[in-house]
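# Observations on the three-dimensional arrangement
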Amino acid sequence: MRVLSGIQPTGNLHLGNYLGAIRNWVRMQDEMDGGSQCFFFLADMHSITVHEAREQRIRNVRDMAAALVAAGIDPDRSVLFNQARVPAHAELCWLLNGTARIGWLNRMTQFKDKVGKDREGASIGLFVYPVLQAADILAYNATHVPVGEDQKQHLELARDIATKFNTDFGVELFTLPDPIIPKESARIMSLRDGTAKMSKSDPSDMSRINLTDDDDAIMQKVKKAKTDPEPLPETAEGLTGRPEAANLVGIYATLAGSSPDAICAEFAGKGFGAFKPALGELLVETLRPIRTRFLELRTDDAALDAILETGAAKARAAAEPTLRAAYDAMGLMR
Ligand code: TYM
């Protein structure tokens, strides 16, 4: 069993990242009995698809490293690194570009969502993005990839690329990875629109809860979150057709380690005037310790760089045999 996952170091860690993915990373790390079989990385090579000034990019990588450590990733037990320090990702991506098909990439919904109507103006990097993601996973022969729902299609593509490569070259080189997607919090939605996912790229900061938000900001955002005038139903079934209400109940249930049905039973008949302060409290209590650790860690750039450099050395060693075998399978001398 080998666990691997990544996050783009653009903007802040938000509640969707935390509940959809990072909490599971920490859980899986804690459940594995050492041996450094968990690989978590900052996808800085993916993030070049968004233009950023040099200094900001450097800050973003350090901040995301600090955020992951603050959230519970332990660099002594997991391999924590950034992609750019491990050239195997870019190298294997190039090799896999010979295997991936344009038709497969054309079907990627995240690419379609991101380019909107301006397909011609989009970067090649954005189009090839899922091949780099496949390389990230296949280079380490990861078996379990904890992600939110939005990454499911990219994981399926990684499996398709692995299967085609193995078949084309008559090898059993790449392992097919399984996505690990949480049941309740696979898709945390925007606080302003229950049909759009919570995202770093939403122009409205009120749409998301950031790891860096202080207690007051969290409370304000929850209180101003869009809802409907109906009271909470007795069971989760009554949330059908009420996306904003379903999202808030889902967040509450995830944080409380409970189920939407149990939360509905607890608040049945009450309005959001009663529910929101309780949800706000729960969020504040959950995020405060992570934020406090994050603010401390981000003041020590040298320590963060050292963590990433140590992790990268381990990652380079782990990826090297697979990369070498891929060159060899293709008849490329290296
Ligand atoms: P990214 O940086 O967009 O998000 C990081 C993780 O957070 C999850 N996530 C969410 N989960 C639930 N609700 C939401 N609103 C929400 N928003 C984000 C994402 O599903 C993801 O798990 N392409 C990836 C990074 C990546 C990667 C990889 C992941 C690069 N290579 C290899 C796994 C394996 C991305 O952009 O995630």
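Residues numbered from 1 in each chain as written. Predicted model: local features only at pLDDT ≥ 70, side-chain atom pairs only at ≥ 80, totals over all residues. Heavy atoms only, no water.

## Some thoughts on the site of the ligand
The following threshold applies: Definition of nearness: a residue and a molecule or strand are near each other if at least one heavy atom of the residue lies within 4 Å of the molecule or strand. Polar contact is defined as a pair of N or O atoms within 3.5 Å, subject to the rule that within protein one atom must be able to donate a hydrogen and the other to accept it, and that residues adjacent in sequence are counted only when both atoms are side-chain atoms. The numbering of helices and of strands both runs from the N terminus, where a helix is a DSSP run of H or I of at least 4 residues and a strand a run of E of at least 2. The nonpolar class holds Ala, Val, Leu, Ile, Met, Phe, Trp, Tyr, Cys and Pro. Asp, Glu, Lys and Arg form the charged class, and all remaining residues, Gly among them, are polar.
Within the structure, the ligand sits among 27 residues, and Gln8, Tyr129, Asp136, Asp150 and Ile188 are positioned closest to it. Tyr129 has a polar side-chain atom sitting 2.7 Å from an oxygen atom of the ligand. Put simply, the parts of the chain that give the shell around the ligand at least two residues each are β1 (3–7), α1 (15–31) and α6 (124–138). Looking at side-chain class alone, the shell around the ligand contains eleven nonpolar, twelve polar and four charged residues.

## A few points about the domain arrangement of the protein
Put simply, the test is: Residue ranges for the domains trace back to a domain assignment, done automatically or taken from a database. Two residues qualify as a contact provided that any one of their heavy atoms is within 4.5 Å of a heavy atom in the partner residue. For any pair of parts, buried area is found by adding up, for both, the accessible area (1.4 Å probe) each one loses once the two are put together. Each reported salt bridge corresponds to a side-chain nitrogen of Lys or Arg within 4 Å of a carboxyl oxygen of Asp or Glu.
By the assigned domains, the protein splits into domain 1 (2–186 + 300–329) and domain 2 (205–296). On a C-alpha basis, the centres of domain 1 and domain 2 stand 30 Å from each other. Tallying the contact residues gives 15 residues for domain 1 and 16 residues for domain 2. With both chains or domains summed, domain 1 and domain 2 bury close to 1300 Å², and 67% of this area falls on carbon and sulfur atoms. Ranking the residues of domain 1 by area buried against domain 2 places Leu15, Ala70 and Glu184 at the top, with a combined share of 40%. Where domain 1 packs against domain 2, one counts zero salt bridges. For the pair domain 1 and domain 2, the interface holds five residue pairs in polar contact (both at pLDDT 80 or more). When residues of the side of domain 1 that touches domain 2 are traced back to their parent elements, those giving at least two are α1 and α2 (54–71). The element that contributes the greatest number of residues to the side of domain 1 that touches domain 2 is α2, accounting for five residues. In terms of residue class, the side of domain 1 that touches domain 2 is built from eight nonpolar, three polar and four charged.

## A few points about the pattern of salt bridges
Per the counting criterion, the structure on display carries 24 salt bridges. The shortest N-O distance in the salt bridge between Asp30 and Arg77 comes to 3.1 Å. In this pair, Asp30 is assigned in helix α1 and Arg77 in the loop between α2 and β3 (79–82), connecting sequence segments 47 residues apart. Each of Arg59, Arg62, Asp63, Arg298, Asp301 and Asp305 takes part in salt bridges that share partners, so that together they form one network.

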